[in-house]
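Fold and contact review
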Amino acid sequence: MAGASASAFPAARVWAAKTVGSGFSIDEFEQRIARRDFRDISKDLLPTPSMVVDLDLFQQNVKRMADQTKSTGINVRPHVKVHKSVDVARHQISHGAIGLTCATIAEAELFSGSGIKNVLWTKQPVSVNNIRRAVALSKKDPTFMFVVDDAQVLQWVTEAAAAANTKLRIAVSVDANMPRQGIENGQAALELAQKVHSAKRVQFEGFMAYSGGAAHTKVWTNRRKRSSDDLAGVRESVALAKKSGLPVNIVTGGSTGTYNIDHDNGLTELEAGSYVFMDTAYFSIGGQDDDKVYSDFKGALTVLTTVDSKHHPNLVSTDYGNKAITRPTDQVKGMPWLQVGTQGAEYGALKWTATDKDVKLGDRVEIYCSNLDMSTNAFDRYYVTKGDQLVDVWPIMGRSGAVQR
Ligand SMILES: Cc1ncc(COP(=O)(O)O)c(C=O)c1O
């Protein structure tokens, strides 16, 4: 984390885990969590490895996005795959988010089922299972919408909608220079948009175009150019659609990396996700005023771990192992001289070379993870803290089996 500014990466302390004398048993700990009685529960008493959210930094991040969208006139429909949490989503909605973006139908069902409106699913339903679920969710929640990038899928979903006597809201997914989904821009996109618009029981919403290549492009000016280039074809498709008289309600895409760029690139809304917590993949992309460090959003999420063995020079073992998605690219909060290593399913390592530094048995450290999507999938709950004090617990409801469910 060389060169990290103090404001982006708040100083952390290393502290010795309490091994004796905590006020209550583990049974009482769980009972207290269940009844939301967090008095006297400090970070010392939390299990490890565990996910800890710094409430103040999280709220700052959400506010920063809200302020940016207000000042530039673009909307935000945040991506939930990053946090998978209804509590986080509700906070985003209360700060002006117009809905949510989901990667799977299971996520869409979860968040729509929690009462949040205008959920967008960014993949097209293809299997019988997914088609039925997309149609059923459209019936239950008429604000739900999804995308198609193929006329075949449009035919499948309209047949299923007719059988269920349900209306659908559909956006056309177009290519944004990323070889994974999206119909070719221009005439092909226009023809599919016209088919969606004229299909029975379907409301054409507009276009979706996610430029994944731009999101993590280093140096802000390079990122701005990459995003503009990636979205050039999308602007053409939108212009053709409007010219032919189609109502284009939304043009959705964008990311944490392009949140202060894409209002100039033809998007009407951002699908940004990582900004709520941030990960090390984003720290180093550089911001508008700093080519090295991206400090617009703060590291609000850490994995708390305990040093549980020390028998080798400049190396200790921790309980933050592969099952908790430890990565060598993780960074230790406040201690850039420590390098994170992997040792096994339940074993992580911390290594250092500096001769004037040390880590002791029982120390606890906090680590920024490398990729939020993967890491938050490995945990059941966020321990939400103010300073060292636990103030809330948010279940990670969209985690794990969500991909198969
Ligand atoms: C479809 C889609 N939209 C938007 C995003 C942007 O998310 P983030 O802000 O976390 O980079 C992603 C990230 O993978 C995505 O897959």
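Just above sits the structure.
Residues numbered from 1 in each chain as written. Predicted model: local features only at pLDDT ≥ 70, side-chain atom pairs only at ≥ 80, totals over all residues. Heavy atoms only, no water.

We now examine the overall build of the protein. When helices and strands are tallied, the protein shows 12 helices and 18 strands. Reported as C-alpha extents along the three principal axes, the dimensions of the protein are approximately 70 × 45 × 35 Å. Burial statistics for the protein: of 405 residues in total, 54% are counted as buried. When contacts within the protein are restricted to residue pairs at least 6 apart in sequence, long-range pairs at least 24 apart make up 67% of them. Carbon and sulfur atoms form 50% of the exposed surface of the protein, whose accessible area is close to 17,200 Å². (Helix = DSSP H or I, 4+ residues; strand = E, 2+ residues; numbered from the N terminus. Buried < 20%, exposed > 50% of the residue type's maximum accessible area, 1.4 Å probe, protein only. Contact = heavy atoms within 4.5 Å. Areas by Shrake-Rupley, 256 points an atom, 1.4 Å probe, with all protein chains shown as cover.)

Attention shifts here to the site of the ligand. Around the ligand, the structure places 15 residues, and the nearest of them are T256, E271, G273, S274 and Y282. The side chain of K81 places a nitrogen or oxygen atom 2.8 Å from an oxygen atom of the ligand. A distance of 2.5 Å separates an oxygen atom of the ligand from a polar atom in the side chain of S274. Out of a free accessible area of 390 Å², the ligand has 92% covered by protein chains. With respect to the detected pockets, the ligand is housed in the largest pocket. Looking at the shell around the ligand, its residues break down into 5 nonpolar, 7 polar and 3 charged. (Near = heavy atom within 4 Å. Polar contact = N/O pair within 3.5 Å; in protein donor to acceptor, adjacent residues only side chain to side chain. 1 Å grid on protein atoms, 1.4 Å probe; cavity = no way out; pocket = protein on both sides within 12 Å on 5 of 7 lines; lining within 4 Å. Sits in = over half its atoms within 2 Å of the grid points. Nonpolar A, V, L, I, M, F, W, Y, C, P; charged D, E, K, R; others polar.)

Our next topic: the sheet that holds strand β6 (residues 145-148). Taking strand neighbours across the sheet as the criterion, the 8 strands line up as β3-β10-β9-β8-β7-β6-β5-β4 in an open arrangement whose pairing is parallel. Here the strands that pair on one side only, and so sit at the sheet edges, are β3 (75-76) and β4 (100-102). Sheet analysis places strand β8 (residues 202-209) next to strand β9 (residues 250-253), joined by 4 bridges and oriented parallel. Residue pairing across strands places F207 opposite V251, the latter belonging to β9. Against the sheet, helix α6 (residues 151-164) makes contact with β6, β7 (168-173) and β8, and its axis sits at roughly 175 degrees relative to β7, the strand it touches most. Of the strands in this sheet, β6, β7 and β8 are in contact with helix α7 (residues 187-198), which crosses β8 at around 150 degrees. (Pairing = 2+ DSSP bridges. Axes fitted to C-alpha atoms, helices over the stretch in contact; angles between N-to-C directions.)

What follows covers the pairing of β7. By the criterion of burial, β7 is predominantly enclosed, with 6 of the 6 residues buried. Judged by which residues are buried, β7 turns out to be covered on both faces: L168, I170 and V172 on one side and R169, A171 and S173 on the other are all buried. In this fold, the crossover linking β6 to β7 by way of α6 has right-handed handedness. Of the strand pairs in this sheet, β7 and β8 are connected by 6 bridges, and their pairing is parallel. Directly across from A171, in β8, lies its bridge partner G206. Following the backbone out of β7, through α7 and into the adjacent parallel β8, one traces a crossover that is right-handed. (Right-handed = clockwise from strand over helix to strand, strands pointing away.)

Our focus in this paragraph is the layout of surface pockets. With a probe scaled to a water molecule rolled over the atoms, the places where space remains empty come into view. Here the largest pocket is characterised by a volume of approximately 460 Å³. Together, 26 residues line the largest pocket, and H79, K81, R180, Y210 and D373 are the ones closest to its centre. Taken together, the elements giving at least two residues each to the lining of the largest pocket come down to α8 (212-215) and α11 (280-283). When its residues are assigned to classes, the lining of the largest pocket shows 9 nonpolar, 11 polar and 6 charged. (Points joined across faces, edges and corners; volume = space filled by probe spheres on them.)

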